[in-house]
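Spelled out from the first residue to the last, the chains are:
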Amino acid sequence: MKKAILKGASVVLLTGSLFTYQADPAAAEDDLSGHSLEEEMRDAIDRGFLRGMGENYYAPDLDVTRAQFATFFARALDLPRGGSSEFEDVEDHQLLAGIERAAEAGLVGGYPDGTFRPDDNISRQEMAAMVERVLNNEGLSVDAEEALFADADDIHPDFQGAVAASAHYGIILGAPTASGEFRFSPRDDATRAQAAAFIERMLTVIEEDGEPLIDYRVASINEEGEVQFQPQDLATFDQAVQQAEQSGDPIVFYGQEIVRMDEGVVYANNPDSAITYVYENEGLTDRLTYITNGMEMDYVDAGEDWVQVEVAGSVGFVDQEEVELVPTEMAESRSHYTIGSGMLYHHIYSRSLEEPADPIAQGQYAFDDAPAFMEEGVEYRSSNGRDFYTPEGEFAGQHYSYFNYLPASSTTNYTAEDLDSYIEHLMATHSRFDNIDSSQMEDLGEAFLEAEEDHGINAFLLFGIALSESALGTSEIANDHNNLFGLDAIDDGAYDGASQFDEPADSVDAAGERLSQQYIDPEGWSARGSFLGTKSGGMNVYYASDPHWGQKIAGHMYRADQVLGGEDLHSYDLGVSNTAGLNVRSEPTTVNNEPLYELEQENHSVAILDAVEGEGGAIWYEIYSDQLGEETAYVHSSYIDRINN
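Conventions we followed
- Residues numbered from 1 in each chain as written.
- Predicted model: local features only at pLDDT ≥ 70, side-chain atom pairs only at ≥ 80, totals over all residues.
- Heavy atoms only, no water.
- Helix = DSSP H or I, 4+ residues; strand = E, 2+ residues; numbered from the N terminus.
- Buried < 20%, exposed > 50% of the residue type's maximum accessible area, 1.4 Å probe, protein only.
- Contact = heavy atoms within 4.5 Å.
- Axes fitted to C-alpha atoms, helices over the stretch in contact; angles between N-to-C directions.
- Parallel < 35°, antiparallel > 145°, perpendicular 65-115°, else oblique.
- Left-handed = near helix turned anticlockwise from the far one by under 90°.
- Nonpolar A, V, L, I, M, F, W, Y, C, P; charged D, E, K, R; others polar.
- Phe/Tyr/Trp six-rings, centres within 6.5 Å; stacked < 30°, edge-to-face > 60°.
- Lys NZ or Arg CZ within 6 Å of the ring centre and 35° of its normal.
- Pairing = 2+ DSSP bridges.
- Patch = residues over 30% accessible without salt bridge, like charges linked within 9 Å, V, L, I, M, F, W, Y side chains within 5 Å.
- Areas by Shrake-Rupley, 256 points an atom, 1.4 Å probe, with all protein chains shown as cover.
- Salt bridge = Lys/Arg side-chain N within 4 Å of Asp/Glu carboxyl O.
- Lys, Arg positive; Asp, Glu negative; His and termini not counted.
- Charge placed at Lys NZ, Arg CZ, Asp CG, Glu CD.
- Core = buried A, V, L, I, M, F, W, Y, C linked by side-chain atoms within 4.5 Å.

(A) Seen up close, the overall build of the protein. Within the protein, the regular secondary structure consists of 16 helices and 24 strands. Dimensions of the protein along its principal axes, counting C-alpha atoms only, are 100 × 55 × 45 Å. Per-residue burial over the protein gives 57% buried out of 645 residues. Pairs at least 24 residues apart make up 64% of the contacts formed inside the protein by residues separated by at least 6 positions.

Encoded structure:
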């Protein structure tokens, strides 16, 4: 289960101004009913350290003075009576006894001028300091120097460790803002309710021998962006889910972390690696794919230890410990699609893994012609780059990006000279070359065409991969390793692990061979389709952690094709399988003709070369074969949907 203290113990003090709460109809008719800290205050009353100020009047939101808090402490801890203090300003105070009992126990201190200032309001960070002294006396000290909050700079240096200690034990609880950040407001005056909650939780931690107090709470978000909690703390995930379903409040918190919601964004955030794995099942045992930390996934469902997500069209499960859940109402600046100047653009945002966890614009790129159903000025959402939705969540239309679905077993119309001329064009026009005067991709057109001839992989597609992986031939790995494809450059330690080649052309040949054998041939260990694709199908499933890897390469190909005269865009009639397990055969018949291989999933693309009549008048499509040693093959036309846009 996800622990609430994972982010540097960044749980924060509850502030009444940030939340409104829903009343418990069974509560007594007093001024505690429905209060956010009703449960803690009633426990404090039962223990006897908090008393009313009149019939059914406990003033939960009234500020607490230093003298009052010291008295609460004395009662709660049953400190010995008859203590003394040397404070100059408490001799005639009505709460002198409580002040002296707490002072004698070493739990409260004064100011350098010898005063205690008993009628000054106590701040939240001062309460944390007194709580820490009790914890230390009980042998529950914590080696924590700082708790990370959005307003951590406002915490006085003398109180940083105290706040972190209370946060560690769950004595200080979460208060998320509408943006998803957590605040402490350390210098704000504390209320009677907050004082009661601090002390009640402290006592429970002591009674439980230092076991941190982390509970589930159910909440919703109102139209003003305020988080509204149900008043009860719940011990288990199942109890929280049951209450969420009964109340209609869809959000479940565990400490400060959201662990369940009805809809929203899931951000990859593996604390131990640069990538987060997506699995096929709730047991998190069979890896489906993986994704770069900070990238977004769509939320589907959640259990106690897992979250079901959709990432670039692939549905799987991730570890609760390795992601952050953000409800739709809190999500800002999500990745989206727009059109302009006749082109389709993808705008990418990721989430900062540091506090504050703000969305970071990763840039935009054009990757295909604009679909006819899209309108300028509208931001469309799509998890797979194929099915597009309006900002209101209505389905807008479907569009298959040509180069993202072009089978790698096809061939290009471009010559070596064409590819070389495009590199020259980039060096003359692209900002990447403002301070760089060379590219490792110069004069390599012939190497790409030779790879197409030797390994059966489209030279233009291989060229696009190199453009993307090597930053147009200027990356550190390209320059130092002559490696244009990031071969063996695994996410954790990419530079040191990257393969070394004598010449950049050698990496072109190696990449062509590896892609052909491992990603294109159906027998390859990474084969999920010979097209670039997404995380649901294609080379992108296993080649890269970036869920938009294939689409970005399609963008490079699209823009290069525009410069070079549009010779490759729509040069093939493409189709996709409309069923899983489609047999691909050597001849247009099922009679005495065992399948060569299968198209395992739907939306597996093929390049249609011809339509031929088979037995019984059935129409078969002749396609490029993905199997090594077979140039063409056949599939039954009933199971292929043409996708010409």
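(B) Just the packing of helix 2 (residues 66-77) against helix 4 (residues 124-137), in detail. Two elements in contact, helix 2 and helix 4, have axes whose closest approach is 12 Å; the angle formed by their N-to-C orientations is 25 degrees. Here helix 4 runs roughly parallel to helix 2, going by the angle between their axes. At the point where helix 2 passes helix 4, the crossing takes the right-handed sense. Each of Arg66, Phe69, Phe73 and Leu77 in helix 2 lies in contact with helix 4, whose residues at this interface are Glu126, Met127, Met130, Val131 and Val134. Among the residues making up the contact of helix 2 with helix 4, the classes are represented as 7 nonpolar, no polar and 2 charged.

(C) A look at the packing of aromatic side chains. Tallying each qualifying case throughout the model produces 24 aromatic pairs. Here the aromatic rings of Tyr277 and Tyr279 are separated by 6.5 Å at their centres, their planes lie at 50 degrees, and the arrangement is tilted. Owing to a relative accessible area of 12%, Tyr279 belongs among the buried residues under this scheme. Their ring planes at 80 degrees and their centres at 5.4 Å tell us that Trp306 and Phe317 sit as a pair that is edge-to-face. Highlighted residues: Trp306 in strand 10 (residues 306-311) and Phe317 in strand 11 (residues 314-319), separated in sequence by 11 residues. Judged on exposure class, the residue Trp306 and its partner Phe317 are both buried. An aromatic cluster is present here, built from Tyr402, Phe403, Tyr414, Tyr422, Phe448, Phe460 and Phe463 joined pairwise through their rings. Its end group placed over the ring of Phe116, Arg66 keeps NZ or CZ at 4.5 Å from the ring centre. Its end group placed over the ring of Tyr290, Lys535 keeps NZ or CZ at 4.5 Å from the ring centre.

(D) Molecular detail of unusual backbone geometry. For Arg117, which is not glycine, the phi torsion reads 55 degrees and is therefore positive. Its relative accessible area of 32% is what places Arg117 among the partly exposed residues.

(E) Here's a closer look at the pairing of strand 11. Alignment of strand 10 against strand 11, held across 6 bridges, turns out to be antiparallel. Its bridge partner lying in strand 11, Trp306 is registered against Asp319.

(F) Inspection of the packing of helix 9 (residues 416-429) against helix 10 (residues 445-455) at higher detail. In contact at an axis separation of 7 Å, helix 9 and helix 10 are set at 135 degrees when each is read in the N-to-C sense. The angle between helix 9 and helix 10 falls in the class oblique. As for the relative orientation of helix 9 and helix 10, their crossing is right-handed in sense. Every residue of helix 10 that contacts helix 9 at Ala416, Leu419 and Asp420 is listed here: Gly445, Glu446, Phe448 and Leu449.

(G) Representation of a negative patch on the surface in the model. A cluster of acidic residues, Glu417, Glu446, Glu450, Glu453, Asp454, Asp502, Glu503, Asp506, Asp509 and Glu513, forms a negative patch on the protein surface. Elements represented by at least two residues in the negative patch include exactly helix 10 and helix 14 (504-520). Top contributing element to the negative patch by residue count: helix 10, with 4 residues. By the element assignment, Asp502 lies in the loop between helix 13 (494-497) and helix 14.

(H) Spatial organisation of the nonpolar core. Counting 59 residues, the largest nonpolar core has Phe448 and Phe485 as the members making the most contacts within it. Broken down by element, the residue count for this core peaks at 8 residues, all from helix 11 (residues 459-469). Counting 56 residues, the second-largest nonpolar core is a separate cluster that includes Leu37, Ile99, Phe116 and Ala196.

(I) Spatial organisation of the pattern of salt bridges. A complete count under the given rule lists 17 salt bridges for this structure. Of the charged contacts, one joins Asp387 and Arg386 as a salt bridge, the two residues approaching to 3.6 Å between their closest N and O atoms. Asp387 sits in the buried class, given a relative accessible area of 15%. Here Arg642 ties to Asp573 by a salt bridge, and the two come within 1.7 Å at their closest N and O atoms. Within this pair, whereas Arg642 is found in strand 24 (residues 640-642), its partner Asp573 is found in strand 18 (residues 573-577), the two being separated by 69 residues in sequence.

(J) Summary view of the sheet that holds strand 21 (residues 605-613). The 5 strands lie next to each other as 23-22-21-18-24, forming an open sheet whose pairing is antiparallel. What marks the edges here is a single partner per strand, and that holds for strand 23 (632-636) and strand 24. On average, each strand axis in the sheet is inclined to that of its neighbour by 50 degrees, with strand direction left out of account.

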